[in-house]
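# Reading the structure
So the chains spell out like this:
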Amino acid sequence: MSTAAIPGAPLPVRTPGSRARGRHRRPERPEVPAGSPALVLAVPAAAGPEASPIVEELLSIVRGEQPGIETAVGYLVGDSAEPDAAADADQTAPTVAGVLAQAAAAGLPTPVVIPLLSGPHAFLTDLHRLAGETGAAVTDVLGPHPLLAEAVHVRLSEAGLARADRARLFAITTAADGVVLTTVGGEEAAAAAGITGVLLAARLAVPVVAAALDVPGSVAAAVEHLKATGSQRPALAPLVIGPEADPELLAAAAEETGCPSAAPLGTYPTVGQLIASTYLAALNLPAPGESPVAVEEQPAG
């Protein structure tokens, strides 16, 4: 009998239950210490109607993952742009240089700068130079990572080019039997994308090769390689978030090869999760679901 049914008994006190256990419980979020540096998302493009909505949605995902993170965004307009905080009075979008200079002038902790990139890119040279002028820390790019392979898989399934679930055995006649993982950043980026390609191949059970959109003939050669090894329905899968790649390059690759293409990663949630976990790693905090590394104490004397 509950205490609520006993006359004169005090009202029952609701006590919190034990923490949910098992593989499906939501991982606990680590607490971001007060006074932690801001997360500055460095975007390798100019602010505009194509880049800005992607950036704002990703930052919204980051804040949802870690409410204690202070976030900011900084744009860098290509290699030829002058990264001057005071340049162009009509420009309202913040630049990386401007955000870092403002933090330094205000005496704030040096921000953690995270490049919005899945792999190597020429943008990183300017970014490291700008960060070096203020002492800001620049993290690694977001890839390669299994979460990016998941995002590419979903984009392929959305385009009808792959099964959404490997466990389902029904056939899709439009499913690709080979995938070219397209990226930007030259041959170095294509080589780095090969690691994510291996993870994607394991998910799809089809061959995956990587190619650089900004290297002439690279994507076409990759498609021909797949055809020569037996693929009859190769497809293109961009391993790009969006702002770093010229949309014309994506369209030209599809037209040149005659292959269907999935959409860029864009605002797929795991991209935002990767940004948040990259920030936590820079602070030496565990990502959600990870346990802090235990340090073994040495005996005294």
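Computed from a prediction, not measured in an experiment: that's the story for all the values here. (Residues numbered from 1 in each chain as written. Predicted model: local features only at pLDDT ≥ 70, side-chain atom pairs only at ≥ 80, totals over all residues. Heavy atoms only, no water.)

It is worth spelling out the overall build of the protein at this point. Per the secondary structure count, the protein includes eight helices and seven strands. By the burial criterion, 43% of the 301 residues in the protein qualify as buried. For the protein, long-range pairs separated by at least 24 residues make up 75% of all intrachain contacts whose partners lie at least 6 apart in sequence. Working note: accessible area of the protein is about 16,200 Å², and carbon and sulfur atoms make up 54% of it. (Helix = DSSP H or I, 4+ residues; strand = E, 2+ residues; numbered from the N terminus. Buried < 20%, exposed > 50% of the residue type's maximum accessible area, 1.4 Å probe, protein only. Contact = heavy atoms within 4.5 Å. Areas by Shrake-Rupley, 256 points an atom, 1.4 Å probe, with all protein chains shown as cover.)

Take the sheet that holds strand β3 (residues 112–115) next. Read across the sheet, four strands follow the order β2-β1-β3-β4 without closing on themselves; strand pairing throughout is parallel. Each end of this open sheet is capped by a strand with a single partner; those strands are β2 (71–75) and β4 (137–138). With four bridges joining them, strand β1 (residues 39–43) and β3 adopt parallel strand pairing. Within the sheet, the bridge partner assigned to valine 40 lies in β3 and is valine 113. (Pairing = 2+ DSSP bridges.)

For helix α1 (residues 52–65), with 14 residues, the first-to-last C-alpha span of 20 Å sits near the 20 Å given by 1.5 Å per residue. Those residues of α1 that sit buried are Ile54, Val55, Leu58, Leu59, Ile61, Val62 and Glu65. Projected down its long axis, α1 shows its buried positions confined to an angular sector of 155°, all on one face. Contact partners of the buried residues in α1: β1, β2 and α8 (269–282). (Expected span 1.5 Å × (residues − 1). Arc of directions from axis to C-beta.)

Right, let's talk about the environment of leucine 239 for a bit. Tracing the backbone shows leucine 239 in the loop between β7 (234–238) and α7 (247–257). Placed 87 residues apart in sequence, leucine 239 and valine 152 show a C-alpha to C-alpha distance of 6.8 Å. With residues up to four places along the chain from it excluded, the contact list for leucine 239 reads Ser118, Leu148, Val152, Leu181, Thr182, Thr183, Ala193, Thr196 and Leu265.

α8 packs onto helix α4 (residues 146–158) with a crossing angle of 165° between their chain directions and a minimal axis gap of 9 Å. The pairing of α4 with α8 is recorded here as roughly antiparallel in orientation. Between α4 and α8 lies a crossing of left-handed hand. Facing Leu147, Leu148, Glu150 and Ala151 of α4, the residues of α8 in contact are Thr270, Gln273 and Leu274. (Axes fitted to C-alpha atoms, helices over the stretch in contact; angles between N-to-C directions. Parallel < 35°, antiparallel > 145°, perpendicular 65-115°, else oblique. Left-handed = near helix turned anticlockwise from the far one by under 90°.)

What follows covers the pattern of salt bridges. Tallied over the entire structure, the rule returns three salt bridges. Residue aspartate 126 pairs with arginine 129 through a salt bridge whose shortest N-O separation is 3.3 Å. Pair noted here: aspartate 126 and arginine 129 are both in helix α3 (residues 123–134), with a separation of three residues, about one helical turn. Ionic contacts of the salt-bridge type, sharing partners, join the residues Asp126, Arg129 and Glu133 into one network. (Salt bridge = Lys/Arg side-chain N within 4 Å of Asp/Glu carboxyl O.)

Moving on to the sheet that holds strand β6 (residues 208–212). Reading across the sheet, the three strands line up as β6-β5-β7 and stay open at both edges, with parallel pairing between neighbours. Where the open sheet ends on each side, the last strands, each with one partner, are β6 and β7. Geometrically, the sheet is characterised by an average inter-axis angle of 30° between neighbouring strands, direction not taken into account. Relative to β7, strand β5 (residues 178–183) runs parallel, the two sharing five bridges. Bridge pairing links valine 179 to alanine 235 in β7. The sheet contacts of α4 involve β5 and β7, and relative to β7 the element is tilted by about 130°. Where helix α6 (residues 218–228) meets the sheet, its contacts fall on β5, β6 and β7, and the angle it forms with β6 comes to roughly 160°.

As a further point, take the nonpolar core. One finds Leu156, Val179 and Ile275 to be the most contacted residues of the largest nonpolar core, which totals 48 residues. Setting aside its immediate chain neighbours within four residues, leucine 156 contacts Leu161, Ala162, Val179, Leu200, Leu204, Leu236, Ala237 and Ala262. Membership of the second largest hydrophobic core comes to 16 residues, among which are Val99, Phe123, Leu130 and Val141. (Core = buried A, V, L, I, M, F, W, Y, C linked by side-chain atoms within 4.5 Å.)

Glancing now at the pairing of β7. Taking burial as the measure, the five residues of β7 include five buried ones, the bulk of the element. Side chains of β7 alternate between two faces, with Pro234, Leu236 and Pro238 and Ala235 and Ala237 buried alike.

This part takes up the side chain of serine 118. Relative to the helices and strands, serine 118 is located in the loop between β3 and α3. A polar side-chain atom of serine 118 sits 2.8 Å from the main-chain carbonyl oxygen of leucine 239. Discounting chain neighbours no more than four positions away, the residues touching serine 118 are Val141, Leu142, Gly143, Pro144, Leu148, Thr183, Leu239, Val240, Ile241 and Glu244. (Polar contact = N/O pair within 3.5 Å; in protein donor to acceptor, adjacent residues only side chain to side chain.)

Our next topic: the packing of helix α2 (residues 96–105) against α3. Between α2 and α3, whose axes approach to 10 Å, the crossing angle comes to 15°. Here α2 is positioned roughly parallel relative to α3, judged by the angle of their axes. The crossing of α2 and α3 is right-handed. In this structure, α2 contributes Val96, Ala97 and Leu100 to the contact, and α3 contributes Leu127, Leu130, Ala131 and Thr134.

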